[in-house]
Structure formats: structure tokens, C-alpha cells
Amino acid sequence: MPKTVLQLNQLKEERKSEIVEAALKVFCEKGYSGATINDIAKKAKCSHGLFYHYFKSKKEIFDAVTETRGKHMMYFLDKVVEDECNYVDKLKKLTEYTFNNMKKDEIFAYRYYFFVSTVFAKAESGELPHKNCKKTPPHIRMNSFFEEGINCGAFRNDYPPSECTKIYNSIIQGASISFILCPKEYKQSFQFPSVDFVVDIFKKETCL
């Protein structure tokens, strides 16, 4: 029975998503400069012709990956920040959410690693000005989160909020790349850092 136009369009979107997902993995594993269209096509198990049917260049597919990089993470961050619980518990919830989703879905780990590698790197280089933006960039939101936690006495105050953001994201990014590179046969038994240990780094009463 011939497929309907709707079914064909759905199949096209699914194939396009698979190519974007493959590109995400390649960019994480090899970086933008090291990645090639051949690498992406091979990972997606598609021909070069099919790749170029959807994307004109490596830059275009990189932009497509970037658009989907951290929507779920930022949505959950917003929910956690709005929660009425104290800041220590907020940070614990955010960390548990991240580690649990990495364990359940490897693509989530790839997205987080890519997200931190691109967005926060650009923020450090000044490529992400937050003035006149419709939405507050994620690094500014994280800085504000730590600043509020410091001001209310929940987090230690010997480091500025921006440094707390860097430290926190470095920990989660390190965990994500370790999980990504872990052989498949060991992924089920992979141990992420203790959530309490990560949170204790920032708690005011913790002494290092």
C-alpha cells in the first residue's frame, strides 16, 4: 500500500533527525574541525547524496545540532530555580536529573557535553552577549543561580558565582564524556560521581 504524503514527510523528518543525532556524536568525539561529512554520513549510515539532500555543508548541520543542544536541560533548570525548596536541594535535583538522564539515554549525555562545550566556551570568549537577548543565556542563568544561593547563605562565598558555574559544568561535562567514551558492555555498570559529593563542593558548611 503506497505511503501517504504525511507518512513520507514523517519518514523524512525521522531520517533528518537521525543524521543530526549522528552529527552530534561525531562533533562530540572529534570536535568541529576534526569532523568530516564522511564521518557524519558513516555514523548515520547514509550516503553523501542523502546527507546533501538535507544539509548543504558541515556548518549547516552544526547549526542544526546547536539549535537542539540544551532545550530539555534549560527547561528543567528553569523548573528547579522556580522550586520553593532551598538552593542546596535545588542543586541536588538538577544534578540527579542530569546524571539519571545520561544513564537512561546516551544521547542526553552527548547533548550535555556538546551544550557545555559550545555554549559555555562561546560565553567565555565573549561570543554570547546577553544584552538585548529575548532569553537569558544559560551561563548567565547558572551564574544567577549560584549568586542567589551564595546571597541566601546556602553556598560558600569564597568563589564568585561565575567560578562556581565553571566548576559545576566542568564536573558534569567530565562525567558526560567519561560515559560517552565508556565501552558499551560497561555502560550499565558505569558509576557517575556521587550527587552529594558534587553538591557538598558548593555547600557553605563544606570545608575543602
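Each value, and the rule that gives it
Residues numbered from 1 in each chain as written. Predicted model: local features only at pLDDT ≥ 70, side-chain atom pairs only at ≥ 80, totals over all residues. Heavy atoms only, no water. Helix = DSSP H or I, 4+ residues; strand = E, 2+ residues; numbered from the N terminus. Contact = heavy atoms within 4.5 Å. Phe/Tyr/Trp six-rings, centres within 6.5 Å; stacked < 30°, edge-to-face > 60°. Buried < 20%, exposed > 50% of the residue type's maximum accessible area, 1.4 Å probe, protein only. Lys NZ or Arg CZ within 6 Å of the ring centre and 35° of its normal. Axes fitted to C-alpha atoms, helices over the stretch in contact; angles between N-to-C directions. Parallel < 35°, antiparallel > 145°, perpendicular 65-115°, else oblique. Left-handed = near helix turned anticlockwise from the far one by under 90°. Nonpolar A, V, L, I, M, F, W, Y, C, P; charged D, E, K, R; others polar. pLDDT = per-residue confidence, 0-100. Salt bridge = Lys/Arg side-chain N within 4 Å of Asp/Glu carboxyl O.

Draft legend 1. Local environment of the overall build of the protein chain. What the protein chain contains, in helices and strands, is 10 helices and zero strands. Counted from the first residue to the last, the protein chain has its helices and strands arranged as α-α-α-α-α-α-α-α-α-α. Across the protein chain, the fraction of contacts at a sequence separation of at least 24, relative to all contacts at a separation of at least 6, is 64%.

Draft legend 2. Focus on the packing of aromatic side chains. Going through the model one piece at a time under the given rule, you end up with 19 aromatic pairs. On the basis of an interplanar angle of 85° and a centroid distance of 5.1 Å, the ring pair of Phe27 and Phe62 is categorised as edge-to-face. Placement of Phe27 in helix 1 (residues 5–34) and of Phe62 in helix 4 (residues 58–67) is noted, with a sequence separation of 35 residues between them. With relative accessibility at 13%, the residue Phe62 sits in the buried group. Through successive ring pairs, a cluster of aromatic residues spans Tyr87, Phe145, Phe146, Phe155, Tyr168 and Phe202. Note that Lys58 overlies the ring of Tyr32, its terminal NZ or CZ placed 4.4 Å from the centroid. Looking at Lys187, its charged tip hangs above the ring of Phe179, at a distance of 5.2 Å from the centre.

Draft legend 3. Representation of the packing of helix 6 (residues 87–104) against helix 9 (residues 161–181) within the structure. Direction vectors running N to C along helix 6 and helix 9 enclose 15°, while the axes themselves pass 10 Å from each other. Overall, the two elements helix 6 and helix 9 adopt an arrangement that is roughly parallel. Two packed elements cross with a definite hand, and for helix 6 against helix 9 that hand is right-handed. Facing helix 6, whose interface residues are Leu91, Leu94, Thr95, Thr98, Phe99, Met102 and Lys103, helix 9 presents Tyr168, Ile172, Ala175, Ser176 and Phe179. Considering only residue class, the contact of helix 6 with helix 9 consists of eight nonpolar, three polar and one charged.

Draft legend 4. Structural context of the environment of Pro161. Considering the arrangement of structural elements, one finds Pro161 in helix 9. Spatially, the C-alpha atom of Pro161 lies 8.0 Å from that of Phe145, the residues being 16 residues apart in sequence. Residues within four places of Pro161 in sequence aside, it is in contact with Asn143, Phe146, Glu147 and Ile150.

Draft legend 5. Here's a closer look at the confidence of the model for the protein chain. The pLDDT averaged across the protein chain works out to 83; a share of 83% of its residues lies at or above 70. Of all the helices and strands in the protein chain, helix 5 (residues 71–82) carries the lowest mean pLDDT, 71, while helix 10 (residues 195–200) carries the highest, 96. Scored below 50 in pLDDT, residues 128–134 shows six contacts in the model against residues more than four places distant or in partner chains.

Draft legend 6. Summary view of the pattern of salt bridges. The full count for this structure, using the stated rule, is nine salt bridges. A salt bridge links Asp39 to Lys30, with the nearest nitrogen and oxygen atoms 3.2 Å apart. Accessibility expressed as a relative area gives 17% for Asp39, which makes it buried. Taking relative accessible area as the criterion, Lys30 reaches 46% and is therefore assigned partly exposed. Across the salt bridge formed by Lys92 and Asp196, the nearest N and O atoms sit 3.4 Å from each other. With Lys92 in helix 6 and Asp196 in helix 10, the pair connects residues that are 104 residues apart, well separated along the chain. Relative accessible area serves as the criterion here: at 30%, Lys92 is assigned to the partly exposed category.

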